[in-house]
Structure formats: structure tokens, C-alpha cells
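# Structural characterization, general
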Amino acid sequence: MIDLYILGASGSIGRQTIDIIRNYPDKFRVVAMSLGHDLALAQSLVDLVKPSLICLREPGTSIKTEAKTVYGAEGLLAIAKYKASSNYSILINALVGSSGLKPTIEAIKNGKNIALANKETLVMAGDLIFDLVRKYQVNLTPIDSEHNAIWQCLKGEKKAEVKRLIITASGGSFRDKTRDELENVTVADALNHPNWHMGAKITIDSATMMNKGFEVIEAHYLFDMPYTQIDTILHKESLVHSLVEYNDLSIKAVLGCADMRIPILYALSYPNHLPITDLPSLVLEGKTLSFAKLDQVRFPLLKAAYYCGQKGGLYPTVLNASNEAAVRLFLTGKIKFLDIEKIIFSYIYKDEYKDIEYNIDNIINLDQQIQQEILKKYGDK
Ligand code: MG
């Protein structure tokens, strides 16, 4: 039996996790979870799962449960520290944005294995997280579909024999629009992703291609690969989830339906492939696979991610912080779509972060400082 601790249980990844693991009641049990603003949804999830510890966002709110209830950011840390039994434990981090960093660190320090959907954690502090993973000898497994695919391609292979990783991109909501056509797109347009149904923040990140940039940085840390060996490619069908090319020029790929429950289950059951019986197989007959160059002029935030990744240090933290604040401003109608990248560029192409020491306090402080500065400037809080 594996004990699961789910952070962000009300979100898209959290709900899909609960949905898929219910088929394996003798393998997984959810012992703790954090829930969002929607208390009716929280109630239904808690009734379904019956955890022994829950975290609600707002102090003073409650739902009907026998579980102990904790609140807010401190509550997330309480879940990261909580130990329900001596079973093998996995903390699923499906939080949105920089709020995922501190609970991940706390969970690793408490000996929990991590199944990571919150890519911002690695973008902000990848080196630091993997130092902790080695120190506390836990496993960190990727839920993100592209990294989950690469991870499967690398199973049993030697890293030295890898020529390059190739991360696929669906292109997001605006893949067929020119830069001029992006000038007046709306929030509703941006939230309408052609292939994947996801949370609001990641859907906007997909539309700006920041998400793919983050995934390049995420791959660098997860697979310990230099940026010169990480490529991206446009693949509109979202059937090939990513590829690995080896030195002998053979290429391995993972294909599958665009359904996050598949990589979620693999991240929780590695190295095993548990049977999924209630979803249809991918029908290959009649399908066409297309691949095209992902244009860094059309998608300058992809270029920005390579730039920040290669600069290293606090630069990925700055990229993440400026993006997180800008996306929030776009979602609340305070800026236009193309302002997101303008705000990011006004932060990342500066020299002033290069001498800041890389440590957790500086990462968290710089993240907060930049986010608050941007939100204040545009009248959000
Ligand atoms: Mg992805």
C-alpha cells in the first residue's frame, strides 16, 4: 500500500489523480490533501477519498469531515510533514505556481517521494531541489506528460548515449495566429486550448509558449542534460508526448491519448505499468503525425527560457516570478496578452541578478519581491 498526499486536489491534476487511483484500492490510499476555494467540490472530494488530514485555503471555512483540518500556506507544510503510517509515501504536488516550492522542500526533508506536476518548483529552484533529493534519498518523478514520456524513453538506457531530448509542443490556443493577430486576443480565447483541458495558468502559459520554455528548464534538471541537448518541436496532434534521440540516430518516443491520467498513474506506479481498463486505447488507424519547427521569433518566451536557463543562478527564478505575476494580471483583465512577454522581458534581460547567491532564502525573497512589484505597478493588490 502506498500513502498519497495530494497538494492541489481540487485542481485538474488533483481530480484526475483521484479519479485514476480509485481503480487500485489495494495499491493506493489518499491520506491527506489540500483543497481550493470551492467548498462544495472540496466536500465531494473528501467524501470520496476520506483522508485523515485536509488543508483548506481560507482560515475560518470548514466542511463536514472527521479529518483534521489545517489552513493556508502553513497547512500545506503540515501536509508535507504529516506521516500517516510507515508505508511508502508519495506527495503529489499539483499546486499552481511558486506556492509549490516550500511544501516540496518540506516533503523531501520528511522523506516523502515526490510526483511533480508543479513545474514552477523546478524552474525556480531545480539545483536546490535535486541536492535535497540526493541528500534525503527520495525519488522525484515527473507527471508532466512530456517529461513522463522522456523518462520512459530513458528507462534502461545510458545517459552518455543520448544525443538529445526532443520535447513536443501542441502550440497552445494561438498556434495558428500571427504575432499581429495576438494584439487583441481575449482571456476566453487564450483559455480555449485545442488538445488539453487544464487549469487557467498553465493554459495561458501554453498560449504564450512559456510553458514549453519551463519544460525545457524542467528537463534540464530532471534528466541532468545541458540545454544544447534539449530541443523542442511543434506537434499539433499531441499524440507523441516527447522523444529521445540516441548517438546511433535511433529515436524512441512515447505515444498515447492526450489524457493526463496515463502519466499520473505511471508517475505513481513506476517502474510498473499498471493496467488501465476504463479508458480506450489510442486508435492509430487514420491518424497523421506532423512535426514542424517551433519558431523562437514567433514564440520569444521560448527563447527567453533558454536564455535564463543557460544564465543559471537566479535567472529562472526571475523568469518564473515575472511570468506568474503577468499571467495573473492578464487573467484579471489588467493587461493585454502581449504585455505578458513585455513585462517578462523588462525583468530577465538585466544584469542585476547575476551576483545574488543561489540559496533558498534568496530564491523565495526575489520571487516575492518581483511578483509584488509587478502586481502593485498594474494595480492588483
Ligand atoms: Mg506538459
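Calculation criteria
Residues numbered from 1 in each chain as written. Predicted model: local features only at pLDDT ≥ 70, side-chain atom pairs only at ≥ 80, totals over all residues. Heavy atoms only, no water. Donors = N, O, S within 2.8 Å, 3.2 Å for Na, K, Ca; no water. Helix = DSSP H or I, 4+ residues; strand = E, 2+ residues; numbered from the N terminus. Buried < 20%, exposed > 50% of the residue type's maximum accessible area, 1.4 Å probe, protein only. Expected span 1.5 Å × (residues − 1). Arc of directions from axis to C-beta. Polar contact = N/O pair within 3.5 Å; in protein donor to acceptor, adjacent residues only side chain to side chain. Core = buried A, V, L, I, M, F, W, Y, C linked by side-chain atoms within 4.5 Å. Contact = heavy atoms within 4.5 Å. Axes fitted to C-alpha atoms, helices over the stretch in contact; angles between N-to-C directions. Parallel < 35°, antiparallel > 145°, perpendicular 65-115°, else oblique. Left-handed = near helix turned anticlockwise from the far one by under 90°. Nonpolar A, V, L, I, M, F, W, Y, C, P; charged D, E, K, R; others polar.

## Quick look at the coordination of the magnesium ion
- The protein atoms donating to the magnesium ion are Asp144 (OD), Glu146 (OE) and Glu215 (OE), with metal-donor distances spanning 2.1 Å.
- Sequence positions of the residues that donate to the magnesium ion give the spacing D-x1-E-x68-E. In this pair, glutamate 146 sits in helix H6 (residues 145-154) while glutamate 215 sits in helix H9 (residues 210-223), placing the two residues 69 residues apart along the sequence.
- Under the relative-accessibility criterion, glutamate 146 is labelled buried at 9%.
- Judged by its relative accessible area of 1%, glutamate 215 is buried.

## Looking at helix H14 (residues 360-377)
- With 18 residues, H14 should reach 26 Å at 1.5 Å per residue; the first-to-last C-alpha distance of 26 Å fits that figure.
- Along H14, the residues classified as buried are Ile363, Ile364, Leu366, Asp367, Ile370, Gln371, Ile374 and Leu375. Projected onto a plane normal to the axis of H14, the buried residues spread over an arc of 165° and lie on a single side. Away from the buried face of H14 by more than 90 degrees, exposed residues Asp361, Gln372, Lys376 and Lys377 are located.
- Where H14 begins, the side chain of asparagine 359 points an oxygen toward the backbone nitrogen of aspartate 361, at a separation of 3.2 Å.
- Looking one or two residues past H14, glycine 379 carries a phi angle of roughly 75°, positive in sign.

## Observations regarding the nonpolar core
- Ile129, Leu165, Phe223, Ile230, Leu319, Phe337 and Ile340 are the most contacted members of the largest nonpolar core, which totals 94 residues.
- What isoleucine 230 contacts, discounting residues up to four positions off in sequence, is Leu165, Ile167, Val216, Ala219, His220, Met225 and Tyr306.

## Describing the environment of isoleucine 54
- Along the polypeptide, isoleucine 54 turns up in strand S3 (residues 53-56).
- Residue classification places isoleucine 54 among the buried positions, given a relative accessible area of 0%.
- For the pair formed by isoleucine 54 and isoleucine 374, sequence separation is 320 residues and the distance between their alpha carbons is 32 Å.

## Re the packing of helix H4 (residues 101-109) against H14
- Viewed as axis vectors pointing N to C, H4 and H14 meet at an angle of 160°, and their least axial separation amounts to 12 Å. Looking at the two axes, H4 sits roughly antiparallel to H14. With respect to the hand of their crossing, H4 and H14 are arranged in left-handed fashion. Across the interface between the two elements, Leu101, Lys102 and Ile105 of H4 pack against Ile360, Ile363 and Ile364 of H14.
- Among the residues making up the contact of H4 with H14, the classes are represented as 5 nonpolar, no polar and 1 charged.

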